[in-house]
Amino acid sequence: MLLCGESNSKLNHMKVRTILFAALSLAALHANAQRIKGSDTVLPVAQQTAERFMNREPDARVTVTGGGTGVGISALMDNTTDIAMASRPIKFSEKMKAKAAKRDIDEVIVAYDALAVVVHPSNPVKKLTRRQLEDIFRGKITNWKQVGGDDRKIVVYSGTYEFFKESVLKNKNYMSSSLSMPATGAIIQSVSQTKGAIGYVGLAYVSPRIKTLSISYDGEHYATPTVENATNKTYPIVRPLYYYYDAKNKTQIAPLLEFILSPEGQDIIKKSGYIPVK
């Protein structure tokens, strides 16, 4: 027979154990929960690899949202995401912000992406050189007839891809009248509805609504934007895609990163229209 004091003591002990177990369970859940935010270019493959990862690891929880590279890196600084997806390297100003916040940001390349130059499907032009692209996006070539097309004004849509500016324009500025589009979907919609349009999108976003052009950097060898041509380096406009994270959280996010870089993860990347790292 238990005395009242003993009963209360055991009851309190059980309550403490229950609370402790709940706290540990919550901590474990938090440890397995990953937030990924950033580049809309990386978004499709991040969603697919995260979904497969959660199927393999029933306790894992991964949420993936877009918004753009800058948004993702800002969220990483604000501790509202665990991983920032990026389609460009982190800027010097962002590095300085991280340093001021005493954050040690690590970088890993998870895939490569080819940027496809796209036009309206009715456009008869099939190929352009890098120099012609530079002159179009800088406003020196303004009519399609100057590059073998119809007598039609060229309408330039530029995205937020700094890599395109570096690789194709050699860091020169876009023409002032180019129509800047912050989202890939907006570029696809605009180009598909405008006969004189030209723009560029990530290879994974190419669809029958738009037409891709073959590109040459030497004026002799032209290549179409495909996973195969990007992998064997015959297609020239290829850039790395990054995951950025706080180094102090490396242990927490390591399983997800290891999965993305594994043969299974890289196979998902290839089938999604991106170029594997390995």
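This one's a predicted model, so the numbers in the text were calculated from it and none came from an experiment. (Residues numbered from 1 in each chain as written. Predicted model: local features only at pLDDT ≥ 70, side-chain atom pairs only at ≥ 80, totals over all residues. Heavy atoms only, no water.)

Participant: Outline the pairing of strand β1 (residues 33-38), listing residues and values.
Facilitator: A one-sided burial pattern is seen for β1, the buried positions being Gln-34, Ile-36 and Gly-38 and the unburied ones Ala-33, Arg-35 and Lys-37. With helix α2 (residues 43-56) bridging β1 and its parallel neighbour strand β2 (residues 61-65), the resulting β-α-β unit is right-handed. Inspection of the sheet shows β1 paired to strand β3 (residues 83-86) by 3 bridges, in the parallel sense. Within β3, the position partnered with Gly-38 by the bridge is Met-85. (Buried < 20%, exposed > 50% of the residue type's maximum accessible area, 1.4 Å probe, protein only. Helix = DSSP H or I, 4+ residues; strand = E, 2+ residues; numbered from the N terminus. Right-handed = clockwise from strand over helix to strand, strands pointing away. Pairing = 2+ DSSP bridges.)

Participant: Give me the lowdown on the packing of aromatic side chains, citing residues and values where you can.
Facilitator: Applying the stated rule across the entire model yields 6 aromatic pairs. Centre to centre, the rings of Phe-137 and Tyr-200 are 5.7 Å apart; their planes meet at 55°, and the pair counts as tilted. Of this pair, Phe-137 sits in helix α5 (residues 130-137) while Tyr-200 sits in strand β8 (residues 197-202); the two residues are 63 residues apart in sequence, bridging distant segments of the chain. For the pair Phe-137 and Tyr-200, one class covers both residues: buried. Aromatic ring contacts, followed pair by pair, group Phe-137, Phe-164, Tyr-174 and Tyr-200 into a single cluster. (Phe/Tyr/Trp six-rings, centres within 6.5 Å; stacked < 30°, edge-to-face > 60°.)

Participant: Now, about the nonpolar core: what can you tell me, with residues and values included?
Facilitator: Of all hydrophobic cores here, the largest spans 31 residues; its most connected members are Leu-128, Leu-133, Phe-137, Phe-164, Ile-198 and Ile-237. Taken together, the elements giving at least two residues each to this core come down to β4 (105-119), α5, α6 (162-167), β8 and α8 (227-231). Broken down by element, the residue count for this core peaks at 4 residues, all from β4. Setting aside its immediate chain neighbours within four residues, Leu-128 contacts Leu-133, Ile-136, Val-147, Ile-198, Leu-213, Ser-214, Ile-215, Ser-216 and Tyr-222. Among the nonpolar cores identified, the runner-up in size contains 26 residues, and Ala-46, Ala-60, Val-64 and Ile-269 belong to it. (Core = buried A, V, L, I, M, F, W, Y, C linked by side-chain atoms within 4.5 Å. Contact = heavy atoms within 4.5 Å.)

Participant: Account for the pattern of salt bridges, naming residues and giving values.
Facilitator: Overall, the coordinates contain 10 salt bridges when judged by the stated rule. Put simply, Lys-172 and Glu-134 hold a salt bridge, and the shortest N to O gap is 3.3 Å. In this pair, Lys-172 is assigned in the loop between α6 and β7 (179-180) and Glu-134 in helix α5, connecting sequence segments 38 residues apart. (Salt bridge = Lys/Arg side-chain N within 4 Å of Asp/Glu carboxyl O.)

Participant: With reference to specific residues and values, describe the environment of Ala-86.
Facilitator: Examined against the element boundaries, Ala-86 turns out to sit in strand β3. With relative accessibility at 0%, the residue Ala-86 sits in the buried group. Along the chain, Ala-86 and Val-71 lie 15 residues apart, while their C-alpha atoms are 9.5 Å from each other. Excluding residues within four positions of it along the chain, Ala-86 makes contact with Ser-39, Val-42, Thr-69, Leu-241, Tyr-242 and Tyr-244.

Participant: Residue-level account of the packing of α2 against helix α9 (residues 250-260), with values.
Facilitator: In a packed pair of helices, the relevant descriptors are the angle between the two axes and the axis-to-axis distance. Put simply, α2 and α9 touch, their axes get as near as 10 Å, and they point 115° apart. Comparing their axes, α9 and α2 come out roughly perpendicular. Considering how the two elements wind past one another, α2 and α9 form a crossing that is right-handed. Here Thr-49, Arg-52, Phe-53 and Arg-56 of α2 lie close against α9, whose contacting residues are Pro-255, Leu-256, Phe-259 and Ile-260. Of the residues in the contact of α2 with α9, the class split is 5 nonpolar, 1 polar and 2 charged. (Axes fitted to C-alpha atoms, helices over the stretch in contact; angles between N-to-C directions. Parallel < 35°, antiparallel > 145°, perpendicular 65-115°, else oblique. Left-handed = near helix turned anticlockwise from the far one by under 90°. Nonpolar A, V, L, I, M, F, W, Y, C, P; charged D, E, K, R; others polar.)

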